[in-house]
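Chain by chain, the residues run as shown.
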Amino acid sequence: MMALVSGRTDLPPMPPPLPGFEHVRRSWNNQFQSYAARILPGEFYVTRQKEGVATTLGSCISACIRDRVTGIGGMNHFMLPATEVSDLASMKAVNLSDATRFGNYAMEHLINEIMRNGGRRQNLEVKLFGGGRIISGMTDVGLANITFVRDYLDIESLPVVAEDVGDIFPRMVMFFPATGVAKVKRLRSLHNNVILDEERRYIDSIKKQPVSGEVELF
Amino acid sequence: MNSAAATPDDLIRDISGLVTLPDVYLRVNRLVEDPNSSNADIARAVGQDAAFTAKLLKLANSALYNFPASVDTVAKAVTIIGTAQVRNLALSLSVANSFAGLPNDLVSMRNFWKHSLLCALAARELCKLARRCDPDALFTAGLLHDIGELIIFNRLPEQARDALLMVLDSQEEIGVPEAEDRLLGFDHARVGAALARQWNLPATLQACIAWHHAPARAEAHGREVALIHIANSLAQLAEVDSIEPADAPAIDPAAWTAAGLDPEVVEAVVRKAQEEFGEIEKIFLGQ
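Residues numbered from 1 in each chain as written. Chains lettered and ligands numbered in written order. Predicted model: local features only at pLDDT ≥ 70, side-chain atom pairs only at ≥ 80, totals over all residues. Heavy atoms only, no water.

## As for the packing of helix H4 (residues 50–60) of chain B against helix H6 (residues 83–92) of chain B
All names here are of chain B. At a minimum axis separation of 11 Å, H4 and H6 run at an interaxial angle of 120°. As judged from the angle between their axes, H4 and H6 are oblique. The chirality of how H4 crosses H6 is right-handed. Contact residues: Phe52, Leu56 and Leu59 in H4; Val86, Leu89 and Ala90 in H6. Partitioned by chemical class, the residues of the contact of H4 with H6 number 6 nonpolar, no polar and no charged. (Axes fitted to C-alpha atoms, helices over the stretch in contact; angles between N-to-C directions. Helix = DSSP H or I, 4+ residues; strand = E, 2+ residues; numbered from the N terminus. Parallel < 35°, antiparallel > 145°, perpendicular 65-115°, else oblique. Left-handed = near helix turned anticlockwise from the far one by under 90°. Contact = heavy atoms within 4.5 Å. Nonpolar A, V, L, I, M, F, W, Y, C, P; charged D, E, K, R; others polar.)

Below, the structure is given as structure tokens:
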């Protein structure tokens, strides 16, 4: 078993983060022989370097977006606070309102940050992951998230070049914007509750934000 | 922090009133060890536990055994399956109830036993392929291999959660046992082994529980330990529906040699465990 390295001296220097991403935790990954940032629910990370962005997903969605020409890109991690909207029909009916604004916010933040750092809209390509139904019996929050992000990308005319969404598994995703390579690993159910807790904390935190004003819409 | 001084033996002492060996196992075990007992005595001891009897008969008639004629009485089951095997099953089929007294917030009992049952089925199948070992004993070992996890999750929930977070934070470069070892000073295999020792379970079972993550360190029962080590990884593949070894914890290549098996069997064993799981889970988790 390989250890997460700390204090090793034979590693290459960590590439500098883009302004605004200094707080995101990064570490060396032995398997990929690369540094990787780990983002939590509600966070995103953009890079122009040869480094990875990783996250673990339950019913949340990660969009991995990159400029296929320059290799600038990144990943977000979000879900919609769907508790007030119990099914997909009503979710669509209220599209672009309260229930979806955090999804819009997460997608636009990522796209704008990529473009601010030199990405061009016509070069963008997208890979989608997550939206698993990791608790049986409850409302399929994962499916609502998948539906939202597909609709969003459709309206924005951004091409989805690969995806692994839905099903019952949590996932671990590692994305390399420079090459576009994305590795997905299904996780065993032992990790379900820890991942669900992270997602619940995120949902609780965004629910506390006022309905309008605090979140900047683009 | 109450963990600083805790040892596996402390944890076992803490739970002694909450988890006990199933009575039916103790009764059958005593009779199997007693040279003067008969099959009829064992059948009578089994019959005293109606829930176990029902499960035993369902299991004896399941695809797992594939007997040509129906096994409709306990006496017949004892004769056909064998007394040592009935003893194993008395433990296997009752252990989930025994551990119901140790709830936790980290993993649902259903998901916990799903992994254990898949491991048990994979171990049983590997054992049949490897020959010269007892499939029912390996089944029991597979079911019990992670019991230390339930104890840690119940007694040290915060440290256990931190260990799982460490695994995710490291993108699984750190495995569960290693994370536990770093945060607690021991892993679930050592806790399980301490319980197995306390319960005086057969030596093979103790070794399988103790070394399923480190088969090279087993001083005895190396073959059975290797089989459980392999079965544990195959159970994880079965759970995430993959046959790619990279999707589960790495299997020690020496374990294949010790087991006398070729890694080519992975797909067949994973598929078989998946196929048998539905029927066996119903029997296992049924009341």
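## Description of the UniProt feature "domain: HDOD" (unreviewed entry) in chain B
Per the UniProt record, "domain: HDOD" (unreviewed entry) is found at residues 18–215 of chain B. For the annotated span residues 18–215 of chain B, helix accounts for 69% and strand for 0% of the residues, and the straight-line distance between the end C-alpha atoms is 30 Å. (UniProt positions renumbered as here; feature names shortened; annotations may be inferred.)

## Focus: the pairing of strand S9 (residues 171–176) of chain A
Looking down a regular strand, the side chains alternate between one sheet face and the other. Residues and elements named next belong to chain A. Of all the 6 residues making up S9, 6 are buried; the element is thus mostly covered by neighbouring parts of the structure. Residues of S9 alternate between two faces, with Arg171, Val173 and Phe175 on one and Met172, Met174 and Phe176 on the opposite face, all of them buried. The pairing of strand S4 (residues 52–57) with S9 spans 5 bridges and is classified as antiparallel. In the sheet register, Val53 faces S9, and the bridge partner there is Phe175. (Buried < 20%, exposed > 50% of the residue type's maximum accessible area, 1.4 Å probe, protein only. Pairing = 2+ DSSP bridges.)

## Focus on the sheet that holds strand S3 (residues 44–47) of chain A
Residues and elements named next belong to chain A. Spatially, 5 strands are ordered S3-S6-S5-S7-S8 in an open sheet, and the strand pairing comes out mixed. Every interior strand has two partners, whereas the edge strands, S3 and strand S8 (160–165), have only one. Averaged over all pairs of adjacent strands, the angle between their axes in this sheet comes to 10°, without regard to strand direction. Relative to strand S6 (residues 73–76), strand S5 (residues 61–67) runs antiparallel, the two sharing 3 bridges. Across the sheet, Arg66 pairs through a bridge with Gly73, a residue of S6. Sheet strands in contact with helix H3 (residues 141–156) are S5, strand S7 (124–130) and S8, and its direction is about 175° off that of S7.

## What about the interface of chain B and chain A?
Across the contact, 29 residues belong to chain B and 29 residues belong to chain A. Carbon and sulfur atoms make up 51% of the area that chain B and chain A hide from each other, which totals about 2,700 Å². Among the residues chain B hides against chain A, the three largest losses belong to Leu168(B), Gln171(B) and Glu173(B). Together they make up 29% of the total. The salt bridge involving Arg161(B) is made with Asp197(A); its shortest N-O contact spans 2.4 Å. Taken together, chain B and chain A are joined by 11 residue pairs in polar contact (both at pLDDT 80 or more). Counting only elements with at least two residues in the side of chain B that touches chain A, the list comes to helix H8 (109–130), helix H11 (157–169), helix H12 (176–184) and helix H15 (222–240) of chain B. (Buried area = accessible area lost by both parts, 1.4 Å probe. Salt bridge = Lys/Arg side-chain N within 4 Å of Asp/Glu carboxyl O. Polar contact = N/O pair within 3.5 Å; in protein donor to acceptor, adjacent residues only side chain to side chain.)

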